[in-house]
Amino acid sequence: MPQTGSGRLSEFIAKMAREGLPPIVIDTFAFYYDKVITGETGMIRDAEIEALKEADIPRYEDLAPYEEAGRAAFPRSVRIILNGGLGTSMGLTGPKSLIPVKNGRTFLELLLRQSSRRDVTLALMNSFSTHAATLAALDRIGPARMPLCFLQHKFPKILRDGFGPAAWPQNPELEWNPPGHGDIYTALETSGMLDRLTDAGIIYAFISNSDNLGADMDERLLGYFAEKSIPFMMEAARRTPADVKGGHLARARTGGLLLRESAQCPEAELDAFRDIERYRYFNTNNLWVNLGFLKTLIAENKGVRLPMILNPKRLDPRDDESPGVFQVETAMGAAISLFNGAAAVSVPRSRFFPVKKCDDLLVVRSDYVHLTDDDRMVPNPGRRSEELKVSLDPRFYGKVDRFDARFPEGAPSLAACESLTIQGDVRFEAGVTIRGRAVITNTSPEQAVIRKETVVEGSLTL
């Protein structure tokens, strides 16, 4: 008879040890496994939290007096980039950070240039899937100052039937899942990177995603973070209808700030979760961490025990008949609930330019977004709309290679565009301008072409 419950933990421990995972990672997984088998779901209910009001957190616009302190703190700072994503949703098999994103430069190249201009140490947290390709790209680029690199860990998938380790001999890699970006704190510790940084006098860490080039190392925010001796600070922005699925910031009834992700919301309360007037702020995933406080937290708790996110999945995501599994994950922003004195700052939307789909890539490549002389992404001040919604037919634009083939001479002008929907197969020549609310439709099986210098406004059927 197969064992159930805690009796199967020994199997997971043995499996993780065979993979060479550090003891602190095994202990952390065991902590979450106990929650899984005792029926904990990681849910956070409305009754446990309070919505934040505008007056509850400071505004970026009011922090200008801290800029000088921020510039003085640059030498004691590190910028850490989450570089573990493959961009599979965009048809990629390599790191998303290697996509050309603006003026022919990749995310990685722009991040290197930004850090060089600030004279700030750059570190990359790679995954096992992105590490080799990233190192090869760095070798080709040859930056004057090579970034530091360290690896995130992995967790074994848990069978929903019997709570044992998942086995998939035809592709053993599928037996494991990334533990979420919440693993960054443990990875900093086990890689020796945390000691290396603090031994070098670096105490302030700014952490962001590789695909968010709006998230530069800002002296105003750094100055406020340093001067106030804040242990952990989250950049939060006002939610819009486009953000209803993302996690939101709230206050626990016990007083501290917390982050609730959609996977942690009971289904019966999803309408409240999506209410952007009630839960006003979302986590941009731009975080500031005092590394001294982090070392103390790890030493006192023998790790960083973040709130659990339990994701039910199929063992092989491409095979609906494969066994059901649980993936244990954590979000790095959830650490806001672990630090006494943690804070949040309301930042402008311009610090949040993520590229999750090819729709986003078109916006960033277009003139709706400008690349400044110091390699920062900023909204075009002359743009017509504060928010630009783009919806591209996924059959023809959903993968990067197909997308590139339909914009061979670059993105059309979108500065005067309010929304763009493309249905069907349409290729754009150079110098096309899109204005207002545009819907471009091609119902033919043959590819349609919009000729150079064409101006499109309103509905266009080809």
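About the cut-offs
Per chain, residues are indexed from 1 in the order of the written sequence. Only residues with pLDDT of at least 70 get local features here, since the model is predicted, and only at 80 or more are side-chain atom pairs given and counted; chain-wide, interface and lining totals rely on the full set of residues. Side-chain metrics in this entry use all non-hydrogen atoms of the structure; hydrogen atoms and water are not considered. The secondary structure listing takes helices from DSSP runs of H or I that are at least 4 residues long and strands from runs of E that are at least 2 residues long, numbered from the N terminus. For the purposes of these results, a polar contact is taken to be a pair of N or O atoms within 3.5 Å, where, inside protein, one atom must be able to donate a hydrogen and its partner to accept one; residues adjacent in sequence count only when each atom of the pair is a side-chain atom. The contact criterion used is simple: two residues touch if any of their non-hydrogen atoms lie within 4.5 Å. The term salt bridge refers to a pairing of a side-chain nitrogen on Lys or Arg with a carboxyl oxygen on Asp or Glu at a separation within 4 Å. Whether a residue is buried, partly exposed or exposed follows from its accessible area with a 1.4 Å probe, protein chains only, as a fraction of its type maximum: under 20%, in between, or over 50%, in that order. Think of it this way: a Phe, Tyr or Trp ring, Trp meaning its six-membered ring, pairs with another when their centres are within 6.5 Å, and the plane angle makes it stacked under 30 degrees, edge-to-face over 60, tilted otherwise. Note on geometry: a ring has a charge over it if NZ (lysine) or CZ (arginine) is within 6 Å of the ring centre and within 35 degrees of the ring normal. When DSSP finds at least two bridges between two strands, those strands are taken to pair. Think of each axis as a best-fit line through the C-alpha atoms, taken over the contacting stretch in the case of a helix, with angles from 0 to 180 degrees between the N-to-C directions. Each residue carries a pLDDT score, the predictor's own confidence in it, on a scale running from 0 to 100. Geometric relationships in this document are graded by angle, where less than 35 degrees denotes roughly parallel, more than 145 denotes roughly antiparallel, 65 to 115 denotes roughly perpendicular, and other angles denote oblique. Two helices that cross are described as forming a left-handed crossing if the nearer one is turned anticlockwise from the farther one by less than a right angle, and a right-handed crossing if clockwise. Here the nonpolar group is Ala, Val, Leu, Ile, Met, Phe, Trp, Tyr, Cys and Pro; Asp, Glu, Lys and Arg are the charged ones; every other residue, Gly included, is treated as polar. Exposure above 30% relative accessible area and the absence of a salt bridge qualify a residue for a patch, where like charges join within 9 Å and nonpolar side chains (Val, Leu, Ile, Met, Phe, Trp, Tyr) within 5 Å. Areas reported as accessible are Shrake-Rupley estimates using a 1.4 Å probe. Residue values count occlusion only from the protein chains shown. Residues scored as positive are Lys and Arg, those scored as negative are Asp and Glu, and His as well as the terminal groups of each chain are ignored. In this description, the location of a charge corresponds to atom NZ of lysine, CZ of arginine, CG of aspartate or CD of glutamate. The reported arc concerns the directions from the helix axis to the C-beta atoms and nothing else. Helix span is expected to be 1.5 Å times the residue number reduced by one.

1. Topic: the side chain of Lys154
Logical step 1: Assignment of secondary structure puts Lys154 in the loop between β6 (148-151) and β7 (155-156).
Logical step 2: Looking at Lys154, its side chain comes within polar contact range of the side chain of Glu19, at 2.7 Å.
Logical step 3: Among residues more than four places away in sequence, those in contact with Lys154 are Met16, Glu19, Leu21, Val25, Trp176, Asn177 and Pro179.

2. Section: the pattern of salt bridges
Logical step 1: In the structure shown here, the tally under the stated rule is 32 salt bridges.
Logical step 2: The shortest N-O distance in the salt bridge between Lys15 and Glu175 comes to 2.8 Å. With Lys15 in helix α1 (residues 9-18) and Glu175 in the loop between β8 (158-159) and β9 (176-177), the pair connects residues that are 160 residues apart, well separated along the chain. Note on accessibility: Lys15 and Glu175 belong to one class, buried.
Logical step 3: A salt bridge links Asp62 to Arg59; its shortest N-O distance comes to 3.3 Å.
Logical step 4: Connected through shared salt-bridge partners, Arg71, Arg118, Asp216, Glu219, Glu235 and Arg351 make up one network.

3. Some thoughts on the packing of aromatic side chains
Logical step 1: With the rule as written, the count across this model stands at 15 aromatic pairs.
Logical step 2: For the pair Phe12 and Phe29, a centre-to-centre distance of 5.2 Å together with 40 degrees between the ring planes defines the contact as tilted. In this pair, Phe12 sits in helix α1 while Phe29 sits in helix α2 (residues 23-37), placing the two residues 17 residues apart along the sequence.
Logical step 3: Consider the rings of Phe232 and Phe339, whose centres lie 5.4 Å apart with planes at 20 degrees: the pair is stacked. With a gap of 107 residues between them, Phe232 in strand β11 (residues 232-238) and Phe339 in the loop between β16 (324-329) and β17 (343-346) connect regions that are remote in the sequence.
Logical step 4: Taking relative accessible area as the criterion, Phe339 reaches 7% and is therefore assigned buried.
Logical step 5: Between the NZ or CZ atom of Lys15 and the centre of the ring of Trp176, over which it lies, the distance is 5.3 Å.
Logical step 6: When the ring centre of Tyr281 is taken as origin, the NZ or CZ atom of Arg238, which lies over that ring, is 5.9 Å away.

4. Describing the sheet that holds strand β23 (residues 433-441)
Logical step 1: With parallel pairing, the four strands of this open sheet are ordered in space as β20-β21-β23-β25. The open sheet has two edge strands, β20 (389-392) and β25 (455-461), and neither has a second partner. Each adjacent strand pair in this sheet contributes to an overall mean axis angle of 15 degrees, direction not counted.
Logical step 2: The pairing of β20 with strand β21 (residues 417-423) spans four bridges and is classified as parallel. In the sheet register, Lys389 faces β21, and the bridge partner there is Ser419.
Logical step 3: Across the sheet, helix α11 (residues 358-365) lies against β20 and β21, angled at about 125 degrees from β20, the strand it touches most.

5. A look at the confidence of the model for the chain
Logical step 1: Looking at the chain as a whole, its pLDDT mean stands at 92, while 98% of the residues score no less than 70.
Logical step 2: Predicted confidence in the chain is weakest over strand β19 (residues 377-379), with a mean pLDDT of 88, and strongest over strand β22 (residues 426-428), with 98.

6. Structural notes on the packing of α1 against α2
Logical step 1: At a closest axis distance of 10 Å, the pairing of α1 and α2 adopts a crossing angle of 155 degrees. In terms of orientation, α1 lies roughly antiparallel with respect to α2. Once α1 is placed against α2, the crossing between them reads as right-handed. Contact with α1, carried on its side by Leu9, Phe12, Ile13, Met16 and Ala17, involves Val25, Ile26, Phe29, Ala30 and Tyr33 of α2 and no other residues of that element.
Logical step 2: Across the contact of α1 with α2, the residue classes tally to ten nonpolar, no polar and no charged.

7. Things to note about a positive patch on the surface
Logical step 1: A cluster of like positive charges, contributed by Lys245, Arg274, Lys357 and Lys389, occupies part of the molecular surface.
Logical step 2: Within the secondary structure, Lys389 sits in strand β20.
Logical step 3: According to the relative accessible area criterion, Lys389 is exposed, its value standing at 62%.

8. Looking at helix α5 (residues 131-141)
Logical step 1: The complete set of buried residues in α5 reads Thr134, Ala137 and Leu138. Looking down the long axis of α5, one finds its buried residues gathered within 100 degrees of arc, a one-sided arrangement. Across α5 from its buried face, at more than 90 degrees, point the exposed residues Ala132, Asp139 and Arg140.
Logical step 2: Residue Gly142 follows α5 closely and has a positive phi angle near 65 degrees.

9. Section: α2
Logical step 1: When the terminal C-alpha atoms of α2 are compared, their 21 Å separation across 15 residues agrees well with the 21 Å that a helix rising 1.5 Å per residue should span.
Logical step 2: Those residues of α2 not exposed but buried are Ile24, Val25, Ile26, Thr28, Phe29, Ala30, Tyr32, Tyr33, Lys35 and Val36.
Logical step 3: Gly39 lies just past α2 and shows a positive phi near 90 degrees.

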